[in-house]
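Report on the structure
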Amino acid sequence: MSMTDDRLTEDLAEGRPADTAPLSAGYMTWYRFSRNPAAVIGALIVISTILCAIFAPLIAPYPDHIGTVVDFRSRHLPPDAEHWMGTDKAGRDIFSRTVFGFRVSLLLVVGVLGISVPVGSLLGMTAGYFGGWTERLITGFTDVMLAIPPLVMALAIGNVLEPTLVNAMIAVTLLWWTWHARLIYRVTSQIMAEDYVEAARLAGASHWHILLREILPNCVSVISVKTTLDAAFVILFGATLSFLGFGVRPPTPDLGSMVADGRQFLPEMWWEVLAPGFAIFYATLGFNLLGDGLRDMFDVEA
Amino acid sequence: MRADLIEAILRRLLGFVLVLLVLSLMIFVLARIVPGDPARMALGPSATAEQVTALQQEMGLDRPVLVQYASYLGGALQGDLGRSLVTNRPVIRDVAEFLPATLELVIITIAIMIVVAIPLGVTTARYRDSWIDNGGRVFSLIGVTIPSFLFAIGLQLLAANFIPGWPILGRVDRTLPIPDGPTGLLLLDSLVHGQGAVFVDAAQHLAFPALALAMASIGQITRITRSAMIENQRKDHVLTLRSFGVPDRVIVFRYLLKLSSVAPLTIMGLEFASLIGNAFVVEMVFGWGGFASYGLTAILQKDLNALMAVVLVSGLFFILANLVIDLILSLIDPRQRRGAPA
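Quick notes on the rules
Residues numbered from 1 in each chain as written. Chains lettered and ligands numbered in written order. Predicted model: local features only at pLDDT ≥ 70, side-chain atom pairs only at ≥ 80, totals over all residues. Heavy atoms only, no water. Helix = DSSP H or I, 4+ residues; strand = E, 2+ residues; numbered from the N terminus. Buried < 20%, exposed > 50% of the residue type's maximum accessible area, 1.4 Å probe, protein only. Contact = heavy atoms within 4.5 Å. Areas by Shrake-Rupley, 256 points an atom, 1.4 Å probe, with all protein chains shown as cover. Lys, Arg positive; Asp, Glu negative; His and termini not counted. Charge placed at Lys NZ, Arg CZ, Asp CG, Glu CD. Salt bridge = Lys/Arg side-chain N within 4 Å of Asp/Glu carboxyl O. UniProt positions renumbered as here; feature names shortened; annotations may be inferred. Buried area = accessible area lost by both parts, 1.4 Å probe. Core = buried A, V, L, I, M, F, W, Y, C linked by side-chain atoms within 4.5 Å. Phe/Tyr/Trp six-rings, centres within 6.5 Å; stacked < 30°, edge-to-face > 60°. Lys NZ or Arg CZ within 6 Å of the ring centre and 35° of its normal.

1. A look at the overall build of chain B
Tallying secondary structure elements over chain B gives 14 helices and zero strands in all. Listed N to C, the secondary structure of chain B is α-α-α-α-α-α-α-α-α-α-α-α-α-α in terms of helices and strands. Expressed as a percentage of its 342 residues, the buried residues of chain B come to 45%. Taking as baseline every contact in chain B between residues at least 6 positions apart, the subset at least 24 positions apart corresponds to 69%. In the form shown here, chain B has an accessible surface area of approximately 16,900 Å², with 66% of it arising from carbon and sulfur atoms. If the 26 positive side-chain charges of chain B are averaged to one point and the 24 negative ones to another, these points end up 11 Å apart.

Structure below.
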């Protein structure tokens, strides 16, 4: 049933004269999104995560606990009114550190996807648009890079350089674009068969015009779905790397190394793992729900 | 076997060899450009300049990087991967010692993945939009949102607290008579030697690590199986079968399942990369002492030869897994044989 039908039924049921004006595409998209509870929850979680990261100094009750604070009298305290998530081995407030931990996770998302999405999309579009040699070169290279396990690559580069989260994530960026290149290549190849592309070409449009004005707008929905789902993967990935010891420089908190630190004190001091662990789950859940919702909304495969 | 099939396999193999070359070259060159002299590191800070130069010559470090790489590659082809700085043994022996543990873990993990994910995908597709489907959706979502290390930690805690006497560390109880060979896979070896106690013990050790490792991919594969089943239900030949009154059971198991296993199998091949990655985490949590643990030590100790071996073997792992999957796919789906783009 189309949205127009839906609204018509609603109008008639409530005794209004039928509003037969066509609904805008934007409204229809929003309508589909807002009727999907999972997607709305996902969006709220994502927004709250981002706000948490931005306003961390205001939200965290003990903002100075992300630094080199050591308070041995209050180490390993269970959650109470003063420390909502308890304290860690140095007596630092875990809730505050978790809130700040979102910053590292989201910075990784921005860093990795900020580079790999444009690069991957551009390569994919170029391969799909020009075909021939360009196509074979790009898709061949993409397939080669795709076969490299990202974590192994991150560990290897981390070994060769310094084992820091930044170096490891640079390594991840070197591989991440491949997924976008592959996807956008497929989408572009499909779009190339459309009449409007042919029409633009016949009208004498330049390559740039066709790529940016005809093809790119039709890739936007696919790119945004893929990017949202990828954000969740990047967060998971960053947490896994820092859990393995490729962290940011202490005492800056990041979620993965907080879990690794707290693990030594399980099961007695369960709260030290619970808070950062839940934070990872929360953020990835949000991006996953939002990504799935966007996919349903745009009705694309990504 | 048919010629087209062989050609397709050869083409894939060639591509894969290329992958390994690019991968190893990248690591090798990077390792050589970066400051930090392996000879100096091996000898320690007290060595004299002459000693360092001598070792550099012995290790071939004074030659151009590409020449070094070529000689490394030549050695690798003959099974010589150099010496490990940490264990001070030939790397190839370390590989032979540590790889079976990881292999065993990965094989059981894949078995769990298939046994859980495919039936779950089929069931959720069959009862679409019912409570079973919603439950399956939540299950898949949990699988993709919770990192492997949390699964591992959680399962380990569960076992420790609720199942008295259940082993949560290592591969096998060291006091038992450990079978010696032939494969290094404990489950298999203990069966060959008829040691039931070892088999049971090894299986107990294996259960939770494998489950933790499988969880990350089960969600993804369930999802893909479900959507493939739903999509294929609308295909003309399936509708025709249905209109002829062919029972549901037969449609699902004889026609739909085969058609719908192409997508999940392809994804499983790609998921293999993250499986290898997650193995590092799971092995660490469960003290598994396998190849991934070895790799992690090599990385933290900057043991270049060991690291190269870890990268190459994981790459090889990935490639072989995908080759096997390609073979299965070409048996299931004749369209795959012509090397047509997927």
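2. A look at the pattern of salt bridges
Inspection of every chain in the model, using the stated rule, returns 15 salt bridges over all chains. Measuring nitrogen to oxygen at the nearest pair gives 4.0 Å for the salt bridge that ties Lys89 of chain A to Asp261 of chain A. Here Lys89 of chain A, found in the loop between helix H4 (56–59) and helix H5 (94–130), pairs with Asp261 of chain A, found in helix H11 (residues 255–263); they are 172 residues apart in sequence, far enough to count as distant. Residue Lys89 of chain A is classed as partly exposed on the basis of its relative accessible area, which comes to 31%. Looking at Asp261 of chain A, the relative accessible area reads 33%, which means it is partly exposed. Note that Asp248 of chain B and Arg242 of chain B form a salt bridge whose closest N and O atoms lie 3.0 Å from each other. The exposure class of Arg242 of chain B is partly exposed, given its relative accessible area of 37%. Linked by salt bridges that have partners in common, Asp129, Asp133, Arg137 and Arg226 of chain B make up one network.

3. Some remarks on the UniProt feature "transmembrane region" (unreviewed entry) in chain A
Mapped onto the present numbering, the UniProt feature "transmembrane region" (unreviewed entry) falls at residues 38–60, 106–130, 137–158, 164–185, 231–249 and 269–290 of chain A. Taken end to end, residues 269–290 of chain A is 91% helix and 0% strand, and its two terminal C-alpha atoms sit 33 Å from one another.

4. Some thoughts on the UniProt feature "transmembrane region" (unreviewed entry) in chain B
Residue and element names in this part refer to chain B. Per the UniProt record, "transmembrane region" (unreviewed entry) is annotated on residues 12–34, 105–127, 139–163, 206–225 and 306–329. What you have in residues 105–127 is 96% helix and 0% strand, and the ends, taken at the C-alpha atoms, are 33 Å apart. From the first C-alpha to the last, residues 206–225 spans 26 Å; its make-up is 100% helix and 0% strand.

5. Re the interface of chain B and chain A
It is common to give the size of an interface as the accessible area lost on bringing the parts into contact. On the chain A side, the residues contacting the 39 residues of chain B number 39 residues. Both sides together, the interface formed by chain B and chain A hides about 3,600 Å², and carbon and sulfur atoms give 80% of it. Ranking the residues of chain B by area buried against chain A places Thr145, Phe149 and Lys302 of chain B at the top, with a combined share of 15%. Remark: the boundary between chain B and chain A carries one salt bridge.

6. Considerations on the nonpolar core
Judged by nonpolar contacts, the single largest core of 159 residues is most densely connected at Leu155, Ile215 and Leu241 of chain A together with Phe280 of chain B. Of the residues forming this core, the biggest block, 17 residues, is contributed by helix H10 (residues 207–243) of chain A. Sequence-distant contacts of Phe280 of chain B, defined by excluding residues within four places in its chain, comprise Leu151, Val152, Leu155 and Leu244 of chain A together with Ala292, Gly295, Leu296 and Val310 of chain B. Listed in part, the nine residues of the second largest apolar core include Ala125, Met229, Ile251 and Leu256 of chain B.

7. A look at the packing of aromatic side chains
Tallied over the entire structure, the rule returns 14 aromatic pairs over all chains. Aromatic ring contacts, followed pair by pair, group Phe278, Phe281 and Tyr282 of chain A into a single cluster. In this arrangement the basic side chain of Arg136 of chain A is found over the ring face of Trp133 of chain A, its NZ or CZ atom lying 5.4 Å from the centre. Above the face of the Tyr127 of chain B ring, Arg126 of chain B is positioned so that its terminal group lies 5.2 Å from the ring centre.

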